Amino acid sequence: MSRITGVLQALKDQGRKALIPFITAGDPAPDQTVALMHTLVDAGADIIELGVPFSDPMADGPVIQLACERALVHGTSLRQVLGMVRTFRETDDRTPVVLMGYLNPMEAMGYGAFADLAKASGVDGILTVDLPPEEADEVAPLFTARELDAIFLLSPTTTDDRIRAISEHSSGYVYYVSFKGVTGAQGINVAEVAEKVQHIHELTALPVAVGFGIRDAKTAADVGKVSDGVIVGSVLVDTIANNQDNPEQLKKALTDLLHPMREALDGLAS
Amino acid sequence: MSIKLTDDMLSMLPDTRGHFGAYGGRFVSETLMDSLMTLEREYLRLKKDPEFQAQFDKDLADYVGRPSPLYFAERLTKKAGGAQIWLKREDLNHTGAHKVNNTIGQALLASFLGKTRIIAETGAGQHGVATATVCARLGLECHIFMGAEDVQRQSLNVYRMKLLGAEVHSVTGGTRTLKDAMNDAMRDWVTNVDDTFYIIGTVAGPHPYPLLVRDFQSVIGRETREQSLRQAGKLPDALVACVGGGSNAIGMFYPFLTDESVELYGVEAGGLGIDTGKHAAPLSAGRPGVLHGNRTYLMEDENGQISGTHSVSAGLDYPGVGPEHSWLKDIGRAHYVSVTDDEAMAGFHLLTRTEGIMPALETAHAVSYAMKLAAEMDKDKMIVINISGRGDKDINTVAQLDGIKL
């Protein structure tokens, strides 16, 4: 059983929901990322989605675009991001780490080399925003062979046939994009999300985590009620941007954001 | 080593998943997949629909002014001192460039699909103008995304788009040029996918765009083929076209792919010189990667980050290229070369002074290379240059480079 499946199964057994924060590796600077990952865990993260910076993040709104630019100013490469995960693993061997990014940096490294290095660094899952399963026939088997979970997106426009097909290619969990738009936009409609996620649950046995538009504890709880986990990204990245010159203050601000979400999600269990 | 292409082979490209060999495909986030699959299905149906094709042909004739002439450039030919040089006059199309062939076709598609809101990216502004034009004609809401740097260097076209009723969004992210405009157009599309049709201006992007843009632009090559046979009594020996994303080049090349005797030359923007790294020539100096929904030759660093590009012409200032060109390069059917900013400027002045035809700076790259090529060829040989656009939009840039204040 993969580390991701193990964590999600344990949460399910306890009647709890996963809190999955996202930050961009190398933002605000490469030497801060590992410490920030530990901060996220201390504040209640069950799984970390670590963004791999890319020059042309087409699916992201301005907040994560700017995070990529900050990271790339320091030359943060995919190889360095894997090094950060390796360092993180020296003191945390239980929190799953999912790399989230775009295909080209992986293609530039070479898929085989990337999969080997990801596994050796302690990465658990790979989510490639611009890689639908139709184009993954070369890449996905390399991940599977190394027991790396391939995580794919589902969206409000995904048809039932595709939900089934995408789920078959996925392991760990599926990531439901809560609305049509880019990261960081406003637009989540909890009732619509509830309806679609319930429908997805009918079509796949995999856990469903929901991302896009979750910025506060109340929304996290509302979405947690109908899913297996919530992904929180832009609001954290925004916080990093606003506190980039003061690491102590940043740590506190991130904790102040995540902690109430953790409590609200755990409040659903009782 | 080139392989002999046949109609049967070409009919299978792209394959059902949009691949031209190792290139092309559909690398987008999940939200867009359903729209792209619908677009593909509807396009393949309409491609065979006589009513759709008749409307397209009628619009090209009555609104665009096709066929565009094939013109023998006698003085230019003398100047080069070799092969006969002919010009395919896409600059004479309504709106002044080949771009309108494609926007007419895609706007027609949008109408058939019931979409009421149009978005497009633009570099030099020619595609933006051509899109704003067809939107004005059809009464469609129009949003154009344009890099902030291009907004500045193509201010005339920005104003033209506004006059036509389009809203021009200046894109300040990234390198503030065409690739960033395309990023923002994609972001808009994913947000407004229900009512919005994205008119991509070049033969890049996710499947089926490289296919349908090529089909709409192929009218250039089809006419050129007929006109060559009629006016010169033979097929050309070489075709020369500039390549940014590559829509005018593929439109010219495609109907000649199975004519083995016709050599194809795509001219990329060499900028300050390939050696300087300041250029926009992915086929000449890049390597395969994935950007904007397709796998193709790209300009990127060793970590897979897309590189900044440089070209005097905004329309060629793009780090990628259409996937069909990548395939044509690999199989050796087309040659891809580059000329520098300075050579292109010389080509601009030469065509202007020798033939009274002022080409776009993009087109000037093709003119410059064709002069070298013609000089090396025998006098009984024939070259056709695709004059993809006229140069009025570039007058400010030319004046600035020549140190003249207007």
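So, how was this worked out
- Residues numbered from 1 in each chain as written.
- Chains lettered and ligands numbered in written order.
- Predicted model: local features only at pLDDT ≥ 70, side-chain atom pairs only at ≥ 80, totals over all residues.
- Heavy atoms only, no water.
- Pairing = 2+ DSSP bridges.
- Helix = DSSP H or I, 4+ residues; strand = E, 2+ residues; numbered from the N terminus.
- Buried < 20%, exposed > 50% of the residue type's maximum accessible area, 1.4 Å probe, protein only.
- Lys, Arg positive; Asp, Glu negative; His and termini not counted.
- Salt bridge = Lys/Arg side-chain N within 4 Å of Asp/Glu carboxyl O.
- Contact = heavy atoms within 4.5 Å.
- Phe/Tyr/Trp six-rings, centres within 6.5 Å; stacked < 30°, edge-to-face > 60°.
- Lys NZ or Arg CZ within 6 Å of the ring centre and 35° of its normal.
- Buried area = accessible area lost by both parts, 1.4 Å probe.
- Polar contact = N/O pair within 3.5 Å; in protein donor to acceptor, adjacent residues only side chain to side chain.
- Nonpolar A, V, L, I, M, F, W, Y, C, P; charged D, E, K, R; others polar.
- Axes fitted to C-alpha atoms, helices over the stretch in contact; angles between N-to-C directions.
- Right-handed = clockwise from strand over helix to strand, strands pointing away.
- Arc of directions from axis to C-beta.
- Patch = residues over 30% accessible without salt bridge, like charges linked within 9 Å, V, L, I, M, F, W, Y side chains within 5 Å.
- Areas by Shrake-Rupley, 256 points an atom, 1.4 Å probe, with all protein chains shown as cover.
- Parallel < 35°, antiparallel > 145°, perpendicular 65-115°, else oblique.
- Left-handed = near helix turned anticlockwise from the far one by under 90°.
- Domains from an automatic or database assignment.

## Looking at the sheet that holds strand β11 (residues 287-291) of chain B
Residues and elements named next belong to chain B.
- The antiparallel open sheet is built from 4 strands, whose spatial order is β1-β2-β12-β11. Both outer strands of the open sheet, β1 (19-20) and β11, are each paired with one neighbouring strand and no more.
- By the bridge criterion, 2 bridges tie β1 to strand β2 (residues 23-27) in an arrangement that is antiparallel. Residue pairing across strands places F20 opposite Y23, the latter belonging to β2.

## Quick word on the side chain of K99 of chain B
All names here are of chain B.
- With respect to the secondary-structure elements, K99 resides in helix α5 (residues 99-113).
- As a buried residue without a salt bridge, K99 has its nearest oppositely charged side chain in E121, at a separation of 6.5 Å.
- With sequence-adjacent residues up to four places away left out, K99 is seen in contact with Q126, H127, A130, G201, T202, Q217 and S247.

## A few points about the packing of aromatic side chains
- Under the defined criterion, the tally for this structure stands at 13 aromatic pairs over all chains.
- Measuring from ring centre to ring centre gives 6.3 Å for Y175 of chain A and F212 of chain A, while their planes differ by 90°; the resulting arrangement is edge-to-face. Of this pair, Y175 of chain A sits in strand β7 (residues 174-177) while F212 of chain A sits in the loop between β8 (208-211) and α10 (217-226), placing them 37 residues apart in sequence. Like F212 of chain A, Y175 of chain A is buried.
- Relative to Y369 of chain B, the ring of Y265 of chain B has its centre 5.7 Å away and its plane inclined at 35°; by these criteria the two rings are tilted. Taken together, the residues span a long stretch of sequence, with Y265 of chain B in strand β10 (residues 263-271) and Y369 of chain B in helix α16 (residues 361-376) at a distance of 104 residues.
- In this structure, R137 of chain B is placed above the aromatic ring of Y63 of chain B, and the distance from its NZ or CZ to the ring centre is 4.5 Å.

## A look at the interface of chain B and chain A
- Contacts between the two partners involve 39 residues from chain B, matched on the other side by 38 residues from chain A.
- Broken down residue by residue, the surface that chain B buries against chain A is led by E30, R187 and Q305 of chain B, which jointly contribute 24%.
- Between the two partners, chain B and chain A, sit 5 salt bridges.
- The salt bridge involving R162 of chain A is made with E30 of chain B; its shortest N-O contact spans 2.8 Å.
- Along the contact surface separating chain B from chain A lie 22 residue pairs in polar contact (both at pLDDT 80 or more).
- Broken down by secondary-structure element, the contributors of at least two residues to the side of chain B that touches chain A are β2, α2 (30-47), α9 (178-191), β11 and β12 (293-298) of chain B.
- Broken down by element, the residue count for the side of chain B that touches chain A peaks at 8 residues, all from α9 of chain B.
- Classifying every residue of the side of chain B that touches chain A gives 12 nonpolar, 14 polar and 13 charged.

## So, unusual backbone geometry
- Omega for the bond connecting D27 of chain A with P28 of chain A falls within 30 degrees of zero, at 0°, which places this linkage in the cis form.
- Here P28 of chain A shows up in the loop between β1 (18-24) and α2 (33-42).
- The peptide bond linking H207 of chain B to P208 of chain B adopts the cis configuration, its omega dihedral lying at 15°.
- Its identity is not glycine, yet E147 of chain A carries a phi of approximately 55°, on the positive side.

## Observations regarding the environment of I48 of chain A
Residue and element names in this part refer to chain A.
- Mapped onto the elements of the fold, I48 is located in strand β2 (residues 48-51).
- When the C-alpha atoms of I48 and D124 are compared, they prove to be 10.0 Å apart, with 76 residues separating the residues in sequence.
- Setting aside anything within four residues of it in sequence, one finds I48 in contact with P21, M37, L40, V41, F88, T95, P96, V97 and V98.

## A word on the sheet that holds strand β5 (residues 117-122) of chain B
Residues and elements named next belong to chain B.
- What the 4 strands build is an open sheet, ordered β7-β6-β5-β8; its pairing is parallel. The open sheet terminates on both sides in strands that have one partner only, identified here as β7 (167-171) and β8 (196-198). Here the average twist between neighbouring strands, direction ignored, is 25°.
- Bridge count between β5 and strand β6 (residues 141-147): 6 bridges; the pairing is parallel. The residue bridging I118 from the neighbouring strand is C142, located in β6.
- Here α5 sits on the sheet in contact with β5 and β8, set at roughly 155° to β8.

## Here's the deal with the pairing of strand β4 (residues 125-128) of chain A
Residues and elements named next belong to chain A.
- Alternating residues of β4 divide into G125 and L127 and I126 and T128, and every residue in both groups is buried.
- Sheet analysis places strand β3 (residues 97-101) next to β4, joined by 4 bridges and oriented parallel. Each residue of the ladder has a partner; that of V98, found in β4, is G125.
- In this fold, the crossover linking β4 to strand β5 (residues 149-151) by way of helix α7 (residues 140-145) has right-handed handedness.

## Remarks on helix α1 (residues 3-13) of chain A
All names here are of chain A.
- Taken residue by residue, α1 has I4, V7, L8 and L11 as its buried positions. Summarising the axial view, the buried residues of α1 lie within an arc of 95°, below the 170-degree limit, and thus occupy one face.
- In the core, the buried residues of α1 are packed alongside β1, β3, β4 and β5.

## Describing a nonpolar patch on the surface
All names here are of chain B.
- Taken together, M358, I395, I404 and L406 make up a surface patch of nonpolar side chains, about 380 Å² in accessible area.
- Looking at where L406 falls in the secondary structure, it is placed in the segment after α17 (395-401).
- Note on L406: relative accessible area 70%, which makes it exposed.

## Topic: the packing of α2 of chain A against helix α4 (residues 78-91) of chain A
All names here are of chain A.
- With their axes 9 Å apart at the nearest point, α2 and α4 run at an angle of 45° to one another. It follows that α2 is oblique to α4 by the angle criterion. For α2 against α4, the interelement crossing comes out right-handed. Contacts between α2 and α4 involve T33, V34, M37, H38 and V41 from the former and M84, T87, F88 and T91 from the latter.
- The residue makeup of the contact of α2 with α4, split by class, is 5 nonpolar, 4 polar and no charged.

## Concerning the domain arrangement of chain B
Residue and element names in this part refer to chain B.
- On domain assignment, one finds that chain B holds domain 1 (18-60 + 99-213) and domain 2 (65-96 + 218-401).
- A separation of 22 Å is found between the C-alpha centroids of domain 1 and domain 2.
- Facing 41 residues of domain 1, the contacting portion of domain 2 comprises 46 residues.
- Approximately 3,200 Å² of surface area, both sides summed, lies buried where domain 1 meets domain 2, with 58% of it carried by carbon and sulfur atoms.
- When the buried area of domain 1 at its contact with domain 2 is split by residue, Y23, F27 and R153 rank highest and sum to 21% of it.

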